[in-house]
Amino acid sequence: PFHHAARKPDEFARGMTMGGTLFEELGFYYVGPIDGHNLDHLIPVLENVRDAEEGPILVHVVTKKGKGYAPAEAAADKYHGVQKFDVITGTQAKAPPGPPQYQNVFGDQLVKEGERDPTIVAITAAMPSGTGVDRFAKAFPDRTFDVGIAEQH
């Protein structure tokens, strides 16, 4: 009992200053947010988490997609699954023709459904072109929502 009571001020202070209260309620020890591009800070935290005797531990690492590679920083949604590309320019080689891509079939059908039903909306997590939602967004910009992705928070 005393052990649990002693942890409460620590949990409260961390929740007030850093967030993570939701994760604490789910039984995780929350660490973060940590700048994932600063290895001098990140590596010691990961080593401490690795060596911790209690768990589970959730490490919240904040990164910027494509950081350090200008073409990816400029078009993060284009660098999830890439074809062969020129590292200097970032230009991607076109894939050989094949069956229609799933995201294009989905996007086209979503537009058709949106034309039929004005209550349909589309939500994407920072990947409109990778999911086909970009096609819906072009047809229905007021009914399309990009909510970002955990990597960016």
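An account of the accompanying structure is given in this report. (Residues numbered from 1 in each chain as written. Predicted model: local features only at pLDDT ≥ 70, side-chain atom pairs only at ≥ 80, totals over all residues. Heavy atoms only, no water.)

On to the nonpolar core. Counting seven residues, the largest nonpolar core consists of Leu110, Val111, Ile120, Ala122, Val133, Phe136 and Phe140. Excluding anything up to four places from it in sequence, Phe136 contacts Leu110, Val111, Gly114, Ile120, Val121, Ala122, Pro141, Arg143 and Thr144. (Core = buried A, V, L, I, M, F, W, Y, C linked by side-chain atoms within 4.5 Å. Buried < 20%, exposed > 50% of the residue type's maximum accessible area, 1.4 Å probe, protein only. Contact = heavy atoms within 4.5 Å.)

With that out of the way, let us pick up the pairing of strand β1 (residues 29-35). Inspection of the sheet shows β1 paired to strand β2 (residues 57-62) by five bridges, in the parallel sense. Within β2, the residue paired with Tyr30 across the bridge is Leu58. Between β1 and its parallel partner β2, the chain crosses via helix α3 (residues 39-51), and the hand of that crossover is right-handed. (Pairing = 2+ DSSP bridges. Helix = DSSP H or I, 4+ residues; strand = E, 2+ residues; numbered from the N terminus. Right-handed = clockwise from strand over helix to strand, strands pointing away.)

What follows covers the environment of Glu54. With respect to the helices and strands, the residue Glu54 is situated in the loop between α3 and β2. When its relative accessible area of 51% is taken as the criterion, Glu54 is described as exposed. Sequence separation between Glu54 and Phe28 is 26 residues; the distance between their C-alpha atoms is 9.8 Å.

Tracing the sequence through the fold places Ser129 in helix α6 (residues 128-131). Assessed through its relative accessible area of 18%, Ser129 is described here as buried. What Ser129 contacts, discounting residues up to four positions off in sequence, is Asp77, Lys78, Gln103 and Asp134.

Applying the stated rule across the entire model yields four aromatic pairs. With 6.2 Å between their ring centres and 55 degrees between their planes, Tyr69 and Phe85 make a pair best called tilted. Placement of the pair is Tyr69 in the loop between β2 and α4 (70-74) and Phe85 in the loop between α4 and α5 (102-116), with a sequence separation of 16 residues. Here Tyr69 falls in the partly exposed class, since its relative accessible area comes to 22%. Relative accessible area serves as the criterion here: at 32%, Phe85 is assigned to the partly exposed category. Measuring from centroid to centroid gives 6.1 Å for Tyr102 and Phe106, while their planes differ by 15 degrees, and the two rings are stacked. Within this pair, Tyr102 and its partner Phe106 are both found in helix α5, separated by four residues, close to a single helical turn. (Phe/Tyr/Trp six-rings, centres within 6.5 Å; stacked < 30°, edge-to-face > 60°.)

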